[in-house]
Amino acid sequence: MAPPVLPPELSEKVVIHDFGGDVGLQFKATKPIQQSEIWLTIPWGACWTGEMALASLEKEVSLGDAKINLLDAFAASLSVFRKKDHELLRCIPGQVNSVLHWTPGELDLLEGNASVLAAAKVEASRNGYASLPSKAQKAVQPKDFTWGSALATACCLDGHHLEEDGPVLVPWLYYAAHDPSLPTLGSVQRDGDAVVVRALRDYKEGEPVGISWGAWSNAALLINKGYTIPEGTPWDGVDITYTVDNCAEILNELLLCAPDAPEDPSTSRFQFVEVPTKEEVKEHQAAFVVRLTLSMEELEAFETARPAPPAKRSAFTALLGISRLQRMPFEALNSEHFASGKPAPNVGAELSALAGLQAAFAALMGQHTRSLEEDDATVADPSVPAPKRHAAVVGAAEKAILVKAAAVVDKLLDEGLSRALKALPRGKDGQDPRVDGGGSVWRSWLTERGGALLEKKQAALDRFRYFTQLPLASSGARSAASLVQVAQACFAWLHGVDLDTGAALLLPERAGCRGPASGVVQELQNGQTAYLDVYLSKMTMWGAYLLSHLAECGTIPVDDMNTMAQEQISIASGRSSAGGAAFNIGSWSVPTRSAIEVMKKLGPLQEIGAGTGTWAKELSDAGVDIAAFDTLKFSRALNPHLQMTAGQELVGARWEKIQEGGVEKIKAGRNLVLMWPDIEGQGRFGVQCVGKAAELKVEHLILVGEWSGSTYGDSIPHLPRHGQSFSLECQKAVEEAYTLVETVALPSWPLFKDRLAVWKLKGA
């Protein structure tokens, strides 16, 4: 079908052209158009206002006392005009790709803000039809009203730009492309008896010519005009509604957190949705409710300005300030401080505020069922149906903003964690002489601060309770990894590791997590194993507990850390029933999906010294052919250094498929798995297994645990330099007969540095 013909008296500079695709019919420049030139003139008499639509509807049916929204009056009037082939219909499209015409299945494709807006639009259309008196409903069928509602939304503009109250339908203006780079409706003006449209930039011949219909995100553009801009708009954002309690104490600071007001109020990204009265505030009877819209532009400006505050207060700085206010002790409030957007002076409040935001962003991301990568691929595929592609455009914009917001808060959280850990002294000054058996070199420093632990214990416990209420492991891998790092760092510091230069390696870097918490970030994204669940529940709890005490007391509770260490040994040695399985889930090293995938490629496998079978069970569940063996009772001949009694049971309940046996069970044809064969880095069991494997030409060894070159033994004298998993003799035997071909970092318990290493038989 040929495009409609624009009357030449309305413009000599544009025609209506079909650009194809989702864009479809839009104005095209027939000659170059200079900025400020008028390119379209519409007589005011041809325009329709909401009052005119209401009067027209009244002529057709008696409205009586019915209160009808002006946009609904347009929808009903257009439906009536449709039956009479009214001349106005020749100036607007016959159909628009409105979400009102989408099927329920297509609407389900929308996520986040778009889903909310679409549901509201559909509901508003239904309510609009329901508001019509019975006579009007007889004249206008529901499907016709839906058609009219879609057109009215797409074709009408806000009348206040034309000195009118309510919506105005300017004939032909629908075909003006939406250009989000232009001022909102700044090009459409009332000029006497006409509406003129000026160019706010230069246009080349053949180029689409347009206006900015509003400060619309792609979600709003889809709801209003029926299409999206794949490249995004400056107004793409994520809406966040925040309820602010304790209004009386923080009222002044709350108001100062508000962002700078924009020149055009319609572009504001901050709004007080509910404002209690002074009396309600005073009596704590109500809360403030604010709505903020986060944008990529604001997040990037905040990140670029750091460490200084950004030049302008934005919705993001408002969100930070409000979240911090909610966690601050009242006596620490400072109006000037919060107006500047700086971090909370109380590090506990800062960490609580940031962790809360992190969880909030994760919850918003959880509303999306598709990944950002999936949406990007859909947008790039022209064969995808329009509704699915539009949904992907909107979803990708929101997810990209949430990813960016989480990354910005991650950096702030890392800084907050570093601030908290600075309470722990560094270097050799102030250390006590080392104690045989591994006592802390910071005994005197800790004793001096014992009073603070007692005095501020309740504040620390309150902060800890807040941390544990957050879904940290599910709110992003970085949250869990950071708390794991804190636990690791505190234990390492307690034993004399210098947090600035030593092996604690705080904190995780952007690309992932290094040091003691290696593997946590990636593994949370890959999916967890049963034992990793146990590990994370303990390590994040311990990290949150220690962090809360550092933040509030400036020190750490050593007695509680001793209890943690005992629980760690109980779990890792397989003597605890943690995890709720039919057997004791436990291992000195933590299995991950990445490690299991590496081992899967090397099957069939045989594991000697399989313990409770934690790793073997994971491998079997993954489809790996594995034969797992262990001796139920301790033999002093294999490790005379351990403080255990001959015949003592080594572990608790084992996986049912663990078979009795040791070195003698090693066979050719299966690659050998060894995990911590020499507890405390001493004994003969490991070297005997390696010797038998080399003798039988076992092609690969898969060794899990610590290894020379990366242990805490370099910093903590009572720990062996070569690690606590394989004796030095065993490591030499491995390196003589085998070549290292691959390593996989593993999450580690405090004071351990575990990895999985694959070794290949030399000459094989």
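Calculation rules
Residues numbered from 1 in each chain as written. Predicted model: local features only at pLDDT ≥ 70, side-chain atom pairs only at ≥ 80, totals over all residues. Heavy atoms only, no water. Helix = DSSP H or I, 4+ residues; strand = E, 2+ residues; numbered from the N terminus. Core = buried A, V, L, I, M, F, W, Y, C linked by side-chain atoms within 4.5 Å. Buried < 20%, exposed > 50% of the residue type's maximum accessible area, 1.4 Å probe, protein only. Contact = heavy atoms within 4.5 Å. Salt bridge = Lys/Arg side-chain N within 4 Å of Asp/Glu carboxyl O. Polar contact = N/O pair within 3.5 Å; in protein donor to acceptor, adjacent residues only side chain to side chain. Pairing = 2+ DSSP bridges. Axes fitted to C-alpha atoms, helices over the stretch in contact; angles between N-to-C directions. Phe/Tyr/Trp six-rings, centres within 6.5 Å; stacked < 30°, edge-to-face > 60°. Lys NZ or Arg CZ within 6 Å of the ring centre and 35° of its normal.

(A) Fine view of the environment of Glu448. For Glu448, the position within the fold is in helix H16 (residues 443-448). Remark: the alpha-carbon pair of Glu448 and Thr555, spanning 107 residues in sequence, is separated by 9.9 Å.

(B) Structural context of the nonpolar core. One finds Phe316, Leu351, Phe361, Trp493, Ile556 and Trp749 to be the most contacted residues of the largest nonpolar core, which totals 87 residues. Top element by residues in this core is helix H21 (residues 530-553). It accounts for 13 residues. Excluding residues within four positions of it along the chain, Trp493 makes contact with Leu424, Pro425, Trp442, Trp445, Leu446, Leu499 and Ile556. Counting 68 residues, the second largest nonpolar core, distinct from the first, contains Trp39, Ala53, Leu169 and Ile211.

(C) Broad picture of the pattern of salt bridges. Under the criterion given, the structure shown has 25 salt bridges. A salt bridge links Arg324 to Glu350; its shortest N-O distance comes to 2.8 Å. A residue pair is termed long-range when its members are at least 10 positions apart, and Arg324 in helix H11 (residues 315-327) and Glu350 in helix H13 (residues 347-365) qualify at 26 residues. When its relative accessible area of 2% is taken as the criterion, Arg324 is described as buried. Residue Glu350 is classed as buried on the basis of its relative accessible area of 2%. Several salt bridges share partner residues, and in doing so they unite Glu111, Arg370, Asp375 and Lys399 into one network.

(D) View of the side chain of Thr540. With respect to the helices and strands, the residue Thr540 is situated in helix H21. Judged by relative accessible area, Thr540 falls into the buried class, the value being 12%. In this structure the side chain of Thr540 is engaged in a polar contact, spanning 2.5 Å, whose partner is the backbone oxygen of Leu536. Other than its neighbours up to four places away in sequence, Thr540 contacts Ala480, Leu483 and Val484.

(E) Broad picture of the sheet that holds strand E12 (residues 270-274). The strand order across the open sheet formed by three strands is E11-E13-E12, and the pairing between neighbours is antiparallel. Looking at strand neighbours, the two that pair on one side only are strand E11 (238-244) and E12, the edges of this open sheet. Between one strand axis and the next, the sheet turns through 25 degrees on average, direction left out of account. One ladder, built from seven bridges, connects E11 with strand E13 (residues 288-294); its direction is antiparallel. What sits directly across from Thr241, in E13, is Arg291. Along the sheet, H11 contacts E11, E12 and E13; its crossing angle with E11, the most-contacted strand, is approximately 25 degrees.

(F) Expanded view of the packing of aromatic side chains. Throughout the structure, instances matching the rule amount to 21 aromatic pairs. When the ring of Trp172 is compared with that of Tyr175, the centres are 6.5 Å apart and the planes differ by 40 degrees; the resulting orientation is tilted. A single burial state applies to Trp172 and to Tyr175, both of which are buried. Three or more aromatic residues joined by ring pairs form one cluster here, namely Phe27, Trp39, Trp172, Tyr174 and Tyr175. The cationic tip of Arg82 hangs over the ring face of Trp147; the distance from NZ or CZ to the ring centre is 4.2 Å. Over the aromatic face of Trp44 sits the side chain of Arg190, whose NZ or CZ is 3.7 Å from the ring centroid.

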